[in-house]
Amino acid sequence: MSGTFVGMPAFPKAAHEAVNNATLRGNLRHATQTIRTKRAKAVAEVSDWAELREAGKRIKDHTLRHLDRYLVRLEESVTAAGGVVHWAADAEEANRIVTELVRATGESEVVKVKSMATQEIGLNEALEAAGIRAYETDLAELIVQLGEDRPSHILVPAIHRNRGEIRDIFVREMGAWGRAAPEGLTDTPAELAEAARLHLREKFLRAKVGVSGANFMVAETGTLVVVESEGNGRMCLTLPETLISVVGIEKTVPTWRDLEVFLQTLPRSSTAERMNPYTSMWTGTTDGDGPRTFHLVLLDNGRTDTLADEVGRQALRCIRCSACLNVCPVYERAGGHAYGSVYPGPIGAILSPQLRGTASEIDASLPYASSLCGACYEVCPVAIDIPEVLVHLRERIAQGGRATRDGDTVVLRPAKGHAAERAAMRAARWAFARPGALRAGQRLASGTRRFHPRTLPGPGRAWSGTRELPAVPAESFRAWWQRTRGGKDMTK
C-alpha cells in the first residue's frame, strides 16, 4: 500500500490537534448523528436484518477462503465478455498499468467516479506526474480536490466541511479547473449542487477515458457493480470510449445471486436508504452501448498478506458502508484526517496497518485509536469484529512488530516503543507464578496505599493523563478470606 498522507504524525498527536478545532467537531457531530439516526430507522424496518447480516458475513468468508479460484473465474468471465484483465501486485504496478493505458489512448485527461482503491494507491498523483489530469466527479470528492484537501470519511469525504466553506471553495477554485462558479453563488444546497452539475457536465461530454472503482465484482458473469447517489458514476461509466476500473481483489463475490444480500444491506448501512438511487452494472463491452474498450485492474497491495492472518482477514469483508465511522466516539471527535489514511475510523484502524504494515509511527498507533466500546461491531453489516482485530494488532505490535518477507524468509521486525508494557506484563507473569511473592506484594501495596500517586510517572503519564489510578484496598481479597473464613473452601 502507498504511504501515509504526507507529513501526518502518529494518531495521538493528530487527534489532539483535531479535537481543539471547534468547527471540525461541530461539523462531524452534526453529520454523524444525523446519519446514524437515519440508519437506525432504516435498519429497524427490516425484520430479517440479523439474517441478512449473517448471510453477508458467510458469503464474504466463503469467498475469501476460495479467493484464488474465484479470481480466476472472474478473469475468465471478464475476458469472455470482451474486457481485458490486468493484475497489480502493489500501488506502483497499478499506477504504471493505468498510466500506460491512458497514454495509449492519446488522451491527457480522465474523469473518475469515486474509488477508494485509486486514492489508496495515489493514482491521481501518478497521473499528474505523467502529464495526465484526473477530474473527480463525485460531489464530495470534487470538493476535496478543489480545496486541495484530503478525504476524511468513506461515504462523505468532505464531511469535515460545512456549506459556507464549500461555497467559498467553489467560488475560489472552480474557474481554474473548468467552468467557474455562477455569480452570486450562495451556500444553499440546491445552488451548490447546480454549480457542481454545470461544472462537471462539460467534463463528462468531453472526456474520452473514464476511471472507476467497483463495489462488487461477480465472478460468475464478470459483472462489475457501482452503487451511488448522484448519477455521476453512470456518466463516467457510459460516456467515455475507454473505461479503466481499479478494484481490490476482495471485492469479488461468487454469483449474481449473492448481490441480493449486499444490495439490501449496503444502502441502509451507508446512506440509510432502502435502495440506492443508482445501481450501475457492466459486463465487458457491448457494440453500440457504452465504452468500446474495458480494462479491469485487479489490485492486491497488501491484501493477500492480510488474508494470511486468520484473525485480521475479516477486515477484507468490508463493503465500505462507513457505518462504523458514524457510531465511533473517537472518529466523531478526531475526524478522518487523524488516521493518516484514505481509510479512516474503526475500519481504517484495522485495515491500514494490515495493508501497509506497522513500520511507520502512525500505522503502529492506529490499533490504539479506539475505546473498544464495540459500537462498530454492532452496526457492521458483515459482522466484522473490529474490537477483536484491534486487540489482535495491539498484541502483534507490543510483542514484536510485524512479520515481513525477506526473500524466502519471514522475519519478525521488532516493534518500536511499548517496552514498558512488555516489562509490566513480564513482571505480572512472574508474580502470578509465585504465590509467596504475590502475597508479599499485596501486603506492601496495602500498607503503603496512602502514599500512592493518583497518576503514573514518566512514560505512564500518557495513559493516566485522562484517568485516575484505582485506589488500592486496605485489605486484599486473600487477606480478607484468611481473616473471615480461615482459608476454608467457600463451598463447605
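Residues numbered from 1 in each chain as written. Predicted model: local features only at pLDDT ≥ 70, side-chain atom pairs only at ≥ 80, totals over all residues. Heavy atoms only, no water.

Per an unreviewed UniProt entry, the protein is named Iron-sulfur cluster-binding protein, and its organism is Streptomyces triticiradicis.

Trainee: Which parts of the structure should I look at to understand the overall build of the protein?
Mentor: If you tally the helices and strands in the protein, you get 23 helices and 12 strands. A principal-axis box enclosing the C-alpha atoms of the protein has dimensions of 90 × 55 × 50 Å. When the 492 residues of the protein are sorted by exposure, 49% land in the buried category. Considering only contacts in the protein between residues 6 or more positions apart, those separated by 24 or more positions represent 72%. Summed over all atoms, the accessible surface of the protein reaches about 24,000 Å², with 52% contributed by carbon and sulfur. (Helix = DSSP H or I, 4+ residues; strand = E, 2+ residues; numbered from the N terminus. Buried < 20%, exposed > 50% of the residue type's maximum accessible area, 1.4 Å probe, protein only. Contact = heavy atoms within 4.5 Å. Areas by Shrake-Rupley, 256 points an atom, 1.4 Å probe, with all protein chains shown as cover.)

Trainee: Please clarify how the domain arrangement of the protein should be interpreted in this entry.
Mentor: By a widely used convention, the size of an interface equals the accessible area lost when the partners come together. Segmentation of the protein into domains returns domain 1 (46-301) and domain 2 (442-491). Taking only C-alpha atoms, the centre of domain 1 and the centre of domain 2 are 56 Å apart. (Domains from an automatic or database assignment.)

Trainee: What exactly am I supposed to notice about the environment of Ala375 here?
Mentor: Note that Ala375 resides in helix H18 (residues 375-379). Classification of Ala375 as partly exposed rests on a relative accessible area of 23%. Between the C-alpha atom of Ala375 and that of Cys324, which follows or precedes it by 51 residues, the distance is 7.3 Å.

Trainee: Quick question: what am I supposed to make of the sheet that holds strand E10 (residues 293-299) here?
Mentor: Sheets are built from strands that pair by backbone hydrogen bonding, the pairs being arranged parallel or antiparallel. Here 6 strands make up an open sheet; going across it, the order is E1-E10-E7-E4-E2-E3 and the pairing parallel. For this open sheet the edge positions go to strand E1 (84-88) and strand E3 (133-136), each flanked by a neighbour on one side alone. Across this sheet, the average inter-strand angle for adjacent strands is 25 degrees, counted without regard to direction. Alignment of strand E4 (residues 209-212) against strand E7 (residues 242-248), held across 4 bridges, turns out to be parallel. Considered in E7, the bridge of Ser212 is made with Ser245. (Pairing = 2+ DSSP bridges. Axes fitted to C-alpha atoms, helices over the stretch in contact; angles between N-to-C directions.)

Trainee: How should unusual backbone geometry be read in this particular structure?
Mentor: Apart from glycine, the bulk of residues carry a negative phi angle, and the bulk of peptide bonds sit in the trans form. At Ala272, a residue that is not glycine, the phi angle is positive and equals roughly 60 degrees. Among the structural elements, Ala272 can be located in the loop between helix H12 (259-270) and strand E9 (278-283). Backbone geometry places Ser322, a non-glycine residue, at a positive phi of 75 degrees. By the element assignment, Ser322 lies in the loop between helix H13 (303-307) and helix H14 (323-327). Relative accessible area serves as the criterion here: at 2%, Ser322 is assigned to the buried category.

Trainee: Is there a simple way to explain the UniProt feature "domain: LUD" (unreviewed entry) in the protein in this structure?
Mentor: As recorded in UniProt, the sites labelled "domain: LUD" (unreviewed entry) are residues 73-285. Taken end to end, residues 73-285 is 45% helix and 19% strand, and its two terminal C-alpha atoms sit 18 Å from one another. (UniProt positions renumbered as here; feature names shortened; annotations may be inferred.)

Trainee: It is not clear to me how the sheet that holds E9 should be interpreted in this structure. Could you clarify?
Mentor: Within the open sheet, the 4 strands sit side by side as E8-E5-E6-E9. Their pairing is mixed. Strands with a single pairing partner mark the edges of an open sheet, and in this sheet they are strand E8 (252-253) and E9. Of the strands in this sheet, strand E5 (216-218), strand E6 (223-228), E8 and E9 are in contact with H12, which crosses E5 at around 165 degrees.

Trainee: What exactly am I supposed to notice about the nonpolar core here?
Mentor: Nonpolar side chains in soluble globular proteins tend to be buried together. If you look at the biggest cluster of nonpolar residues, it comprises 76 residues, and the most contacted ones within it are Leu296, Ile347 and Ile350. The residues touching Ile347, leaving out its near neighbours within four places in the chain, are Ile154, Ala315, Cys318, Cys324, Leu325, Ile384 and Ile386. (Core = buried A, V, L, I, M, F, W, Y, C linked by side-chain atoms within 4.5 Å.)

Trainee: I keep staring at helix H16 (residues 345-356) and nothing clicks. Help me out?
Mentor: In an α-helix, one full turn covers 3.6 residues, which means residues spaced three or four apart are oriented alike. For H16, spanning 12 residues, the distance from its first C-alpha to its last is 16 Å, which sits close to the expected 16 Å at 1.5 Å a residue. Taken together, the buried positions of H16 are Gly345, Pro346, Ile347, Gly348, Ala349, Ile350, Leu351, Ser352, Pro353, Gln354, Leu355 and Arg356. Directly after H16, the chain includes Gly357, whose backbone phi takes a positive value near 85 degrees. (Expected span 1.5 Å × (residues − 1).)

Trainee: Help me understand the packing of helix H9 (residues 163-177) against helix H10 (residues 189-206) in this model?
Mentor: Helices that pack against each other are described as a pair by the angle of their axes relative to one another and the distance between those axes. Put simply, H9 and H10 touch, their axes get as near as 11 Å, and they point 20 degrees apart. When the interaxial angle is binned, H9 and H10 end up roughly parallel. Here H9 runs over H10; the crossing is left-handed. The residues of H10 that touch H9, namely those facing Arg163, Ile166, Arg167, Phe170, Met174 and Trp177, are Pro189, Leu192, Ala195, Ala196, His199 and Lys203. (Parallel < 35°, antiparallel > 145°, perpendicular 65-115°, else oblique. Left-handed = near helix turned anticlockwise from the far one by under 90°.)

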